[in-house]
Amino acid sequence: MRFGRRASKAPWYSGGLAFECQECGGCCAGPQEGYVWVTRDEVEAIAAHLRISVHEMMDKYVRKVGRRLSLIEVKKTKDCVFLETARDGQRRCAIYSYRPKQCLTWPFWRSNIGDQDDWAMAGVRCVGINRGKLHSLDEIETRRDATRE
Ligand code: SF4
Ligand code: SF4
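About the thresholds
Residues numbered from 1 in each chain as written. Chains lettered and ligands numbered in written order. Predicted model: local features only at pLDDT ≥ 70, side-chain atom pairs only at ≥ 80, totals over all residues. Heavy atoms only, no water. Pairing = 2+ DSSP bridges. Helix = DSSP H or I, 4+ residues; strand = E, 2+ residues; numbered from the N terminus. Contact = heavy atoms within 4.5 Å. Axes fitted to C-alpha atoms, helices over the stretch in contact; angles between N-to-C directions. Near = heavy atom within 4 Å. 1 Å grid on protein atoms, 1.4 Å probe; cavity = no way out; pocket = protein on both sides within 12 Å on 5 of 7 lines; lining within 4 Å. Sits in = over half its atoms within 2 Å of the grid points. Parallel < 35°, antiparallel > 145°, perpendicular 65-115°, else oblique. Nonpolar A, V, L, I, M, F, W, Y, C, P; charged D, E, K, R; others polar.

**Things to note about the sheet that holds strand S4 (residues 68-71)**
Consideration 1: Pairing is antiparallel across the open sheet formed by 3 strands, whose spatial order is S2-S4-S3. Strand pairing shows two members of the sheet lacking a second neighbour, strand S2 (37-38) and strand S3 (62-65), which therefore form its edges.
Consideration 2: Relative to S4, S2 is paired through 2 bridges, and the arrangement is antiparallel. In the sheet register, tryptophan 37 faces S4, and the bridge partner there is serine 70.
Consideration 3: In this fold helix H2 (residues 54-61) packs onto S3 and S4, with an angle of close to 75° to the strand it touches most, S3.

**Comments concerning the site of ligand 2**
Consideration 1: Lining the immediate environment of ligand 2, one finds Cys28, Val36, Leu71, Cys80, Phe82, Leu83, Cys93, Ile95, Pro100 and Cys103.
Consideration 2: Using a 2 Å cut-off from the grid points, one finds that ligand 2 occupies the largest pocket.

**Some remarks on the packing of helix H1 (residues 40-50) against H2**
Consideration 1: Taken N-terminus to C-terminus, the directions of H1 and H2 make an angle of 100°; their axes are 9 Å apart at the nearest point. The angle between H1 and H2 places the two elements in the roughly perpendicular class. In this structure, H1 uses Arg40, Val43, Glu44, Ile46, Ala47 and Leu50 to contact H2, whose residues at the interface are Val54, Met57, Met58 and Tyr61.
Consideration 2: Residues that form the contact of H1 with H2 fall into these classes: 8 nonpolar, no polar and 2 charged.

Just distances and angles here, no functional claims.
See below:
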């Protein structure tokens, strides 16, 4: 007798998950303090996009947390420093195309897709969950694996 490989169980979201950002700014805003982790490469890319030096970027928009880097928050509101309110009242990311991986991979974080309850809880915080575009299993898992929580 030999041991065969156990067929791995398909995840509960194997049929895909719907998500489309509604640009409410909720996940980028206070009142709770939070961290928007950035890598050195991301800092450099954002600085280039803003046409400022890395030194200025670090000085104005980044704080050190232990050995890691995080975007700063507006002191009073605890909003991410790059969250802006457009004329139409929508709250948008001012560096959307250059946003850090942490933002890019939301909401397909391990902590949100563990089971259906986790997903439902994430949906309480994010109105884009279970709306709009259906993301495939591959897409979900690629984003999940790219996220360091
Ligand atoms: S909370 Fe959800 S819908 Fe609102 S900005 Fe964040 S990702 Fe978009
Ligand atoms: S970088 Fe952009 S997407 Fe990320 S938290 Fe800040 S405003 Fe939101």
